[in-house]
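Coordinate analysis (summary)
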Amino acid sequence: MLLNLVKKDSLLVKKYMILMFLAAIILPVFIKLKTEFLASGGFLAFFISTLYIQFLTFSSVSMSEYKSKGSALLCSTPYGRAAIIQSKYLFLLILFTGCCILYTITAWFIPHQMGMLSFSDFAYCFLILTVVFSIMIPVQYRLGFERARYIFSISIFIVPFIVPAVMKYMQTNDISFHITFPIPTIVQDLLPIVLALVIAISSMITCIRIYEKQNL
């Protein structure tokens, strides 16, 4: 059932998917070239490009549903509101996985320009993006698409101006969020993913409660 809903979201933005596919390859290269002064430029390039791709794709789906009143129509079918919300989170997870694969393939072909990311880099990026969308999705369902999109559009598009400056400051002052006390490496790598899943599930439950109380 969830896969059918994810397929439905994919079909709503199918005319943009080739563009998003190209963006997942070109954007990281462009951003990496602009952030060569940062030691973590590869991480930043992947994070910003994936954030944009997920945000634009998710917003396109939301806009299509808003204009066609798709959510109200879906709720009149056997698909419950909980399943509709769960499919949104699954859709974003699939987008993230696709961006990871495309970045890795691109970095494999041009390693000198890009640089491979470690599993830990992907894990921390997954955690940060999960926090962003775990806030965004419930707020959107609470305030409505029209009001929420302006707030998040402004917030998302100022990221490239703020994040590089913050990372440069952290690099200059040798600030790091890596765990220093003795924990096995595999645990350190998996911890951000586990934390991200906990945050996503909490956000999903909150969003379902919000959505179930609304009159469509």
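Residues numbered from 1 in each chain as written. Predicted model: local features only at pLDDT ≥ 70, side-chain atom pairs only at ≥ 80, totals over all residues. Heavy atoms only, no water.

Let us look at the overall build of the chain. Tallying secondary structure elements over the chain gives nine helices and zero strands in all. Going from N to C terminus, the chain has its helices and strands arranged as α-α-α-α-α-α-α-α-α. Burial status across the chain gives 41% buried among its 216 residues. Sequence separation of at least 24 residues holds for 82% of the intrachain contacts in the chain that already meet a minimum separation of 6. (Helix = DSSP H or I, 4+ residues; strand = E, 2+ residues; numbered from the N terminus. Buried < 20%, exposed > 50% of the residue type's maximum accessible area, 1.4 Å probe, protein only. Contact = heavy atoms within 4.5 Å.)

Counting residues in each nonpolar core, the largest one holds 54 residues, and the members touching the most others are Phe46, Ile85, Phe133 and Ile137. Counting only elements with at least two residues in this core, the list comes to α1 (2–12), α2 (14–34), α3 (41–68), α5 (81–109), α6 (119–143), α7 (145–157) and α9 (185–212). Here Ile137 is in contact with Phe58, Tyr89, Leu92 and Cys207, once residues within four sequence places are set aside. (Core = buried A, V, L, I, M, F, W, Y, C linked by side-chain atoms within 4.5 Å.)

A surface patch of nonpolar side chains, about 520 Å² in accessible area, is lined by Phe119, Ile186, Val187, Leu190, Val194 and Val198. The greatest single-element share of the nonpolar patch, amounting to five residues, is contributed by α9. Considering the arrangement of structural elements, one finds Val187 in helix α9. Here Val187 falls in the partly exposed class, since its relative accessible area comes to 38%. (Patch = residues over 30% accessible without salt bridge, like charges linked within 9 Å, V, L, I, M, F, W, Y side chains within 5 Å. Areas by Shrake-Rupley, 256 points an atom, 1.4 Å probe, with all protein chains shown as cover. Salt bridge = Lys/Arg side-chain N within 4 Å of Asp/Glu carboxyl O.)

Before going further, it helps to spend a moment on the packing of aromatic side chains. Per the counting criterion, the structure on display carries seven aromatic pairs. With a centroid separation of 5.0 Å and 80° between ring planes, the pair formed by Trp108 and Phe109 is classed as edge-to-face. Here Trp108 matches Phe109 in class, with each residue exposed. Measuring from ring centre to ring centre gives 5.0 Å for Tyr141 and Tyr211, while their planes differ by 70°; the resulting arrangement is edge-to-face. Remark: Tyr211 occurs in helix α9 and Tyr141 occurs in helix α6; sequence separation between them is 70 residues. Tyr211 sits in the buried class, given a relative accessible area of 2%. Counting every residue linked through ring pairs, the aromatic cluster contains Phe46, Phe96, Tyr103, Phe122 and Phe126. Above the ring of Tyr211, the side-chain terminus of Arg81 is found at 5.3 Å from the ring centroid. (Phe/Tyr/Trp six-rings, centres within 6.5 Å; stacked < 30°, edge-to-face > 60°. Lys NZ or Arg CZ within 6 Å of the ring centre and 35° of its normal.)

Here we come to α2. End to end, α2 covers 30 Å across 21 residues, agreeing with the expected 30 Å (1.5 Å per residue, within 8%). The sharpest bend along α2 comes to roughly 30°, located at Ala23. Looking at α2, one finds that the buried residues are Met20, Ala23, Ala24, Pro28, Val29, Ile31 and Lys32. (Expected span 1.5 Å × (residues − 1). Bend = angle between axes of the 7 residues up to and from the residue.)

Packing of α5 against α9 leaves a shortest axis separation of 9 Å and a crossing angle of 140°. Relative to α9, α5 is oriented oblique. Relative to α9, α5 is oriented so that their crossing is right-handed. Contacts between α5 and α9 involve Arg81, Ala82, Ile84, Ile85, Gln86 and Tyr89 from the former and Ala200, Ser203, Met204, Cys207, Ile208, Tyr211 and Glu212 from the latter. (Axes fitted to C-alpha atoms, helices over the stretch in contact; angles between N-to-C directions. Parallel < 35°, antiparallel > 145°, perpendicular 65-115°, else oblique. Left-handed = near helix turned anticlockwise from the far one by under 90°.)

Turning our eyes to something else, we now look at the side chain of Thr50. Relative to the elements of secondary structure, Thr50 occurs in helix α3. By relative accessible area, Thr50 is classed as buried at 0%. For Thr50, the side chain forms a polar contact with the main-chain oxygen of Phe46, separated by 2.7 Å. Apart from the residues within four sequence positions on either side, Thr50 is in contact with Phe96, Cys99 and Leu129. (Polar contact = N/O pair within 3.5 Å; in protein donor to acceptor, adjacent residues only side chain to side chain.)

Attention now goes to the pattern of salt bridges. Inspection of every chain in the model, using the stated rule, returns two salt bridges. Asp9 serves as the salt-bridge partner of Lys8, at 2.6 Å between the closest nitrogen and oxygen. Residue Lys8 is classed as partly exposed on the basis of its relative accessible area of 22%. One salt bridge connects Lys88 with Asp9, and the closest N-O pair in it is separated by 3.2 Å. Residue Lys88 is found in helix α5, and its partner Asp9 is found in helix α1; the two are separated by 79 residues along the sequence.

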